[in-house]
Amino acid sequence: MLIRKVFLIQGIVQGVGFRPFIYRLSLENSLVGFVKNGINGVELEVEGRAENIVLFEKQLHSKLPLLARIDKIESSYKELLHGKTFEIVQSSDDFTHSKTALISPDIATCDECLEDIKKVGKYHNYFATNCTNCGPRYSIIKTVPYDRKQTSMQKFVMCESCEEEYTNPLNRRYHAQPISCNNCGPSLRLIVKNEELKVSDGEKFAKVAELIKDGEIVAIKGVGGFHIVCDATNDKVVSKLRTHKNRPTKPFAIMCKNLEQIKSFSHVDEKEEELLISKEAPIVVLKKNKDAKLSKLLAPNIDRIGCFLPYTSLHHLLFEHLQNPIVATSANLGNEPVITKVEDIVKKLSFIDFVLDFDRNIINGVDDSLVQVVNGKTQVLRLARGYAPKVIKLPFKSDKKILAVGANAKNSLAFVIEDSIILSPHVGDLDSLEAFEFFEQTIESFKSFYDFEPEVIVHDKHPSYMTTQWAKKQTKELIAVGHHLAHIYACKAEFGLTNDYLGFSFDGTGYGEDKTLWGGEVFVGDKRKYHFKPIKLLGADKAIKEPRRVGLSMLFDALSLEEVQELDLETVKSFSHVELKILHQSHTKNLNAPLSSSVGRLFDGIASLSGIVQKISYEGESGLLCESYYDEKIKKTFDYTIIEGIIDIKIVDYMLKNQNDTKELNSMFINTLVKIILDISKLEEMEVIFSGGVFQNKTLLALVSKKLESENIKYYHQQQTAINDGGIALGQAFYYLNKTVL
Ligand SMILES: [Zn+2]
Ligand SMILES: [Zn+2]
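Since we're looking at a predicted model, the values are computed, not measured.

Criteria and thresholds
- Residues numbered from 1 in each chain as written.
- Chains lettered and ligands numbered in written order.
- Predicted model: local features only at pLDDT ≥ 70, side-chain atom pairs only at ≥ 80, totals over all residues.
- Heavy atoms only, no water.
- Donors = N, O, S within 2.8 Å, 3.2 Å for Na, K, Ca; no water.
- Buried < 20%, exposed > 50% of the residue type's maximum accessible area, 1.4 Å probe, protein only.
- Domains from an automatic or database assignment.
- Buried area = accessible area lost by both parts, 1.4 Å probe.
- Salt bridge = Lys/Arg side-chain N within 4 Å of Asp/Glu carboxyl O.
- Nonpolar A, V, L, I, M, F, W, Y, C, P; charged D, E, K, R; others polar.
- Helix = DSSP H or I, 4+ residues; strand = E, 2+ residues; numbered from the N terminus.
- Axes fitted to C-alpha atoms, helices over the stretch in contact; angles between N-to-C directions.
- Parallel < 35°, antiparallel > 145°, perpendicular 65-115°, else oblique.
- Left-handed = near helix turned anticlockwise from the far one by under 90°.
- Contact = heavy atoms within 4.5 Å.

**What to know about the coordination of the zinc ion (ligand 2)**
Here the zinc ion (ligand 2) is held by Cys 159 (SG), Cys 162 (SG), Cys 181 (SG) and Cys 184 (SG), and the distances to it run 2.2 to 2.3 Å. Along the chain, the residues that donate to the zinc ion (ligand 2) are spaced as C-x2-C-x18-C-x2-C. The class for Cys 159 is buried, based on a relative accessible area of 17%. Residue Cys 162 is classed as buried on the basis of its relative accessible area, which comes to 0%.

**Re the domain arrangement of the protein chain**
Entries for the protein chain in the domain assignment read domain 1 (2-98), domain 2 (188-358) and domain 3 (378-499 + 725-740). The straight-line distance from the C-alpha centre of domain 2 to that of domain 3 is 31 Å. Interface of domain 2 and domain 3: buried area, both sides summed, is about 1000 Å²; carbon and sulfur atoms make up 56% of it. Summed over the shared surface of domain 2 and domain 3, the number is one salt bridge. The shortest N-O distance in the salt bridge between Glu 434 and Lys 348 comes to 3.7 Å. Split into classes, the residues belonging to the side of domain 2 that touches domain 3 amount to eight nonpolar, one polar and four charged.

**Points about the pattern of salt bridges**
Applying the stated criterion across every chain, the model contains 52 salt bridges. Arg 172 is the salt-bridge partner of Glu 112, the closest N and O atoms lying 3.8 Å from each other. Linking Glu 112 in helix H4 (residues 111-118) with Arg 172 in the loop between helix H5 (160-167) and strand S6 (188-192), this pair joins segments that are 60 residues apart in sequence. Measuring nitrogen to oxygen at the nearest pair gives 3.5 Å for the salt bridge that ties Arg 304 to Asp 303. Beyond isolated ion pairs, a larger network of salt bridges with shared partners links Glu 112, Asp 116, Lys 119, Lys 122, Glu 165, Arg 172 and Arg 173.

**So, the coordination of the zinc ion (ligand 1)**
Within the protein, the atoms that donate to the zinc ion (ligand 1) are Cys 110 (SG), Cys 113 (SG), Cys 131 (SG) and Cys 134 (SG), at distances of 2.3 Å. Binding-site remark: the zinc ion (ligand 1) is held by donors from one chain whose sequence spacing is C-x2-C-x17-C-x2-C. Taken together, the positions of Cys 110 in the loop between helix H3 (93-98) and H4 and Cys 134 in the loop between H4 and H5 put the pair 24 residues apart, joining distant regions of the chain. An identical accessibility class is assigned to Cys 110 and Cys 134; each is buried.

**Concerning the packing of helix H20 (residues 599-609) against helix H23 (residues 662-684)**
Close contact between H20 and H23 brings their axes to 9 Å; oriented N to C, the two are set at 160 degrees. Judged by the inter-axis angle, H20 sits roughly antiparallel to H23. Like other packed secondary-structure pairs, H20 and H23 cross with a definite hand, here right-handed. When H20 is examined against H23, the residues Val 599, Leu 602, Phe 603, Ile 606 and Leu 609 are found in contact with a partner set consisting of Leu 665, Asn 666, Phe 669, Ile 670 and Leu 673. Here the contact of H20 with H23 is composed, by residue class, of nine nonpolar, one polar and no charged.

Structural data, given as structure tokens:
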């Protein structure tokens, strides 16, 4: 029996090879009809034998292209039209519709393209090989519609053979906008001490590999920016890189030849493996083996290592000549955005003598994503290449266009259009002019992608955040949201939660609403009900870089100056007598000593008092060090009290009465945080949310999760969006929606 069926398919179905997929499937099942992009999704009609259409419907799901996702299918029957062919209809709606269609993130080179590189032909050893299932997207798009003309591939004219692939619906590269080959695409340049080396591409890769083996530092262009690369097993060059980048201890991520190599020096569980080989190819933070044959300087004193796999054809071709893993860190100065142009490498990173560059411009810079796995669940630490732009679907529609501008550190942006919150990739720390320009540029890009002009701008309450100041200059409706509540709302947004929860919002030092610095806050619904006992931060901002100032302040809270001077503690010994006196005065007279309830600072305090570290060089360092001293055999906790909502852990009291052991103090501290969270959760009898940078602490989060599970208390923490300040924009947007739409 012949029938004709009409379908409307919604989901990620545009720019992902969906229509050619339908075309192929129809031909395979001897169906006629058409497919086109419509206003509400992909529309198609198929006509043929009923059993063939049943099979076609099954295969819609089972053979779906890699990047496509079907959210909803509506179908109905129609009278037969007795057509002869199946067609892909180019509709005028293609363009209007794509204005709100998702811009796809950049995707790692697929297996089929890797095979093409190895085979004889126009893709043989070609560094920019890609297809509809892989390759650059977000990083090369100037504006929509997503079409070659609107990308940085515009200047490359397709050769006849590429053109043929591009226009053949049966080809894997049908409408792959960045399609190119050895004959027609971007070309590779190797610059050696300001001079271009004129050799074949193969020789360029061999030369770069040789330089790396010889202990040189090379800048290599990737998808969203340049990497600075060197041999990850060579202490001398890693140390040199640290000096040049002025980055004494902050861990470097390494790119590895293959999965086997990663497994040879770290522990990789099933979920971690899945992430490493995924099409997003993020950096995955793994547990390093003690005897790992890697430079000790990659992540000093920390038992973790961030690893990722080659994700462009270029990387794969380079690794054909390399055996060792390589440091692959974003090319930038300090906290500036990743460098995307070779001129800026020359201008800003003068220590670099060797650059592997190519002439496809990066339009939108984007960093590598960073993830870890806690209790079998992904935790995104940096949402960037591969994941962003990311869409969070709302259970309702917003009739206003909303822009949320996020926090000052780890900034990201959120755009609300109808029933979607679209998250930008990680923008970064906004403490340089370059970073702020990148922030503004990202807003402009998204405005152009989505034909977006915000009616409402949501910002942090911190008056001196660059984001707040920027928001106040715009003539739009403005809403300010407290930083720590925004963390809770970010989690609510990810899971579509709209009730009241018990929210633990723990991070570094953020703006508080009572003239103190917050960071250890417990909310019941939107109300702050508990917080940690504030500590005086001796020297204000200086205390954030020097845990010893926090440790000392905790000692001064309990003891006199004379008593403190007599203690045999690294915290005390790291100061001169004069310094101790001055800081004691500042403590008693509250001079330059703002109060902070931050749990991040408590981690600093315990790290200092237990003697692990007195000065740190990157945010979160003491938390990571504290974790590496955690001993699961130690079950003890410190005493603590909660009086009128103020949580006070008796760390110094314990230290004065006991022999102090580094492992014990650090383990007890984490155990105590777990106990406090559990005790309050039992008391409040509500479902629980954890958010804020402190919950990047894998040990803490894993222990808390287990305890709550054993008590049957339901809990949530972000998995697909950043749990640190990178999630603030999402929280701000969702807070506004909750107050206005619901
Ligand atoms: Zn491919
Ligand atoms: Zn070509």
